[in-house]
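This is what each chain is made of:
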Amino acid sequence: MKGIFISFEGIEGAGKTIQSKLLCEYLLKKGYKVILTEEPGGTRIGLKIRELLLSVENKGMTPVTELLLYNASRAQHIKEVILPALKRGFVVITDRFVDSTVAYQGYGRGIDLSLIYSIEKVVTGGVKPDITILFDIDAEIGLKRNRGIKKSDRLELEDVGFHKRVRSGYLEIVSKEPERIKLIDASEGIEEIHSKIVSIVMDFIN
Ligand code: Z5A
């Protein structure tokens, strides 16, 4: 049996981490085999790349270096984790995937989208989420939620204008692929959002 590939997307502080864990627990209780993973990261090499990407020491990183590093982490993630799990019939939930690159490096940094899509083709070999849950929230609210709970990483040092561009980018991506990407109002309560996600995922599975 082929597995199911689900990605969670959105600007920071939108609630992806909490909700991906809740969905994972829900599906495990229902008896599904589930892997919860994330980008950048998900593998030993990916975690090293994650450190490079998020360290505030690397403020001088160029947008193209950033683009290639996110993709390098993804190539490893797909080969080592995502594809083998899908082949074994797992539900794979990833906190971020290709849409993050389009939103952050494309709409946020201004890198040509056609370059991003060409690299995507090589890196993913066509692997694409069956369902993407996009958490939409005002950029100021997302940033405020995160402030004080964890140390800042390199992308969080960007001004609010950057995060607003990323949010608009995500909304453009949804408008192009409304079948795959389901928009969630991330300003609602945690339980309410969880129920909506469960209903989206179970509708897809059944
Ligand atoms: N990035 C990129 O540029 N290009 C790429 O291709 C990829 C990634 C793959 C990864 O950072 C960074 O890499 C990210 C995008 C970039 N940078 N930014 N900015 P990360 O993995 O460390 O962080 P993140 O993905 O942005 O996650 P986050 O900041 O931890 O946000 P979150 O996972 O969406 O939120 P959360 O941790 O579940 O919740 C945040 C807080 O809000 C927490 O205190 C919760 O209790 C609270 N919360 C959550 N939901 C609610 C609701 N519904 N109501 C009230 N409060 C809530």
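Residues numbered from 1 in each chain as written. Predicted model: local features only at pLDDT ≥ 70, side-chain atom pairs only at ≥ 80, totals over all residues. Heavy atoms only, no water.

**Student:** Before we go on, may I ask you to explain the overall build of the chain in this structure?
**Tutor:** Looking only at helices and strands, the chain has eight helices and five strands in total. Along its sequence from the N terminus, the chain presents helices and strands in the succession β-α-β-α-α-β-α-α-β-α-α-β-α. At 16 Å, the chain has a C-alpha radius of gyration in line with the 17 Å of a compact globule built from 206 residues. Relative to its 206 residues, the chain shows a buried fraction of 50%. Intrachain contacts of the chain at a sequence separation of at least 6 include 80% that bridge at least 24 residues. (Helix = DSSP H or I, 4+ residues; strand = E, 2+ residues; numbered from the N terminus. Rg over C-alpha atoms; globule rule 2.2 N^0.38 Å. Buried < 20%, exposed > 50% of the residue type's maximum accessible area, 1.4 Å probe, protein only. Contact = heavy atoms within 4.5 Å.)

**Student:** So what exactly am I meant to see when it comes to unusual backbone geometry here?
**Tutor:** Residue proline 40 is bonded to the preceding glutamate 39 through a cis peptide linkage, with omega at -10°. For proline 40, the location among the structural elements is in the loop between strand 2 (34-38) and helix 2 (44-54). The backbone phi angle of arginine 96 is positive, close to 85°, even though this residue is not glycine. The topology assignment puts arginine 96 in the loop between strand 3 (91-95) and helix 4 (98-108). You can call arginine 96 buried: its relative accessible area is 14%.

**Student:** I keep staring at the sheet that holds strand 1 (residues 4-10) and nothing clicks. Help me out?
**Tutor:** Whenever strands of a sheet pair, they do so through backbone hydrogen bonds, lying parallel or antiparallel. One open sheet accounts for five strands, arranged 2-3-1-4-5; its pairing is parallel. Edge positions in the sheet fall to strand 2 and strand 5 (181-185), since each has one partner strand and no second. With direction set aside, neighbouring strand axes in the sheet form an average angle of 20°. Pairing analysis gives five bridges linking strand 1 to strand 3, with the strands arranged parallel. Residue pairing for strand 3: serine 7 is matched across the bridge by threonine 94. Contacts from helix 4 reach strand 1, strand 4 (131-136) and strand 5, with the element oriented near 20° to strand 1. (Pairing = 2+ DSSP bridges. Axes fitted to C-alpha atoms, helices over the stretch in contact; angles between N-to-C directions.)

**Student:** What exactly am I supposed to notice about the pattern of salt bridges here?
**Tutor:** When the charged atoms of two side chains lie near each other, side chains of opposite charge can form a pair. Within the structure shown, the criterion is met by 10 salt bridges. When the shortest N-O distance is used, the salt bridge between glutamate 39 and arginine 74 registers 2.7 Å. With glutamate 39 in the loop between strand 2 and helix 2 and arginine 74 in helix 3 (residues 63-87), this residue pair connects regions lying 35 residues apart in the sequence. Each member of the pair glutamate 39 and arginine 74 is classed as buried. Here arginine 180 makes a salt bridge to glutamate 177, at a shortest N to O gap of 2.9 Å. What makes glutamate 177 partly exposed here is its relative accessible area of 25%. Look at the salt bridges and you will find they share partners, linking Asp99, Lys128, Glu177 and Arg180 into a network. (Salt bridge = Lys/Arg side-chain N within 4 Å of Asp/Glu carboxyl O.)

**Student:** How do you make sense of the nonpolar core when you look at a structure like this?
**Tutor:** One broad rule of soluble globular proteins: the nonpolar side chains tend to lie buried together. Counting 56 residues, the largest nonpolar core has Leu23, Phe135 and Ile197 as the members making the most contacts within it. In terms of residues, this core owes the most to one element, helix 3, which gives seven residues. Ignoring any residue separated from it by four or fewer positions in sequence, one finds isoleucine 197 in contact with Phe8, Gln19, Leu23, Ile133, Phe135 and Ile184. (Core = buried A, V, L, I, M, F, W, Y, C linked by side-chain atoms within 4.5 Å.)

**Student:** Which parts of the structure should I look at to understand the site of the ligand?
**Tutor:** What surrounds the ligand is a group of 30 residues, the closest being Lys16, Thr17, Arg96, Thr101 and Asn146. Between an oxygen atom of the ligand and a side-chain N or O atom of threonine 101, the distance comes to 2.6 Å. If you list the elements that add at least two residues to the shell around the ligand, you get helix 1 (16-29), helix 2, helix 3, helix 4, helix 6 (139-146) and helix 8 (190-205). For the shell around the ligand, the residue count by class is 11 nonpolar, nine polar and 10 charged. (Near = heavy atom within 4 Å. Polar contact = N/O pair within 3.5 Å; in protein donor to acceptor, adjacent residues only side chain to side chain. Nonpolar A, V, L, I, M, F, W, Y, C, P; charged D, E, K, R; others polar.)

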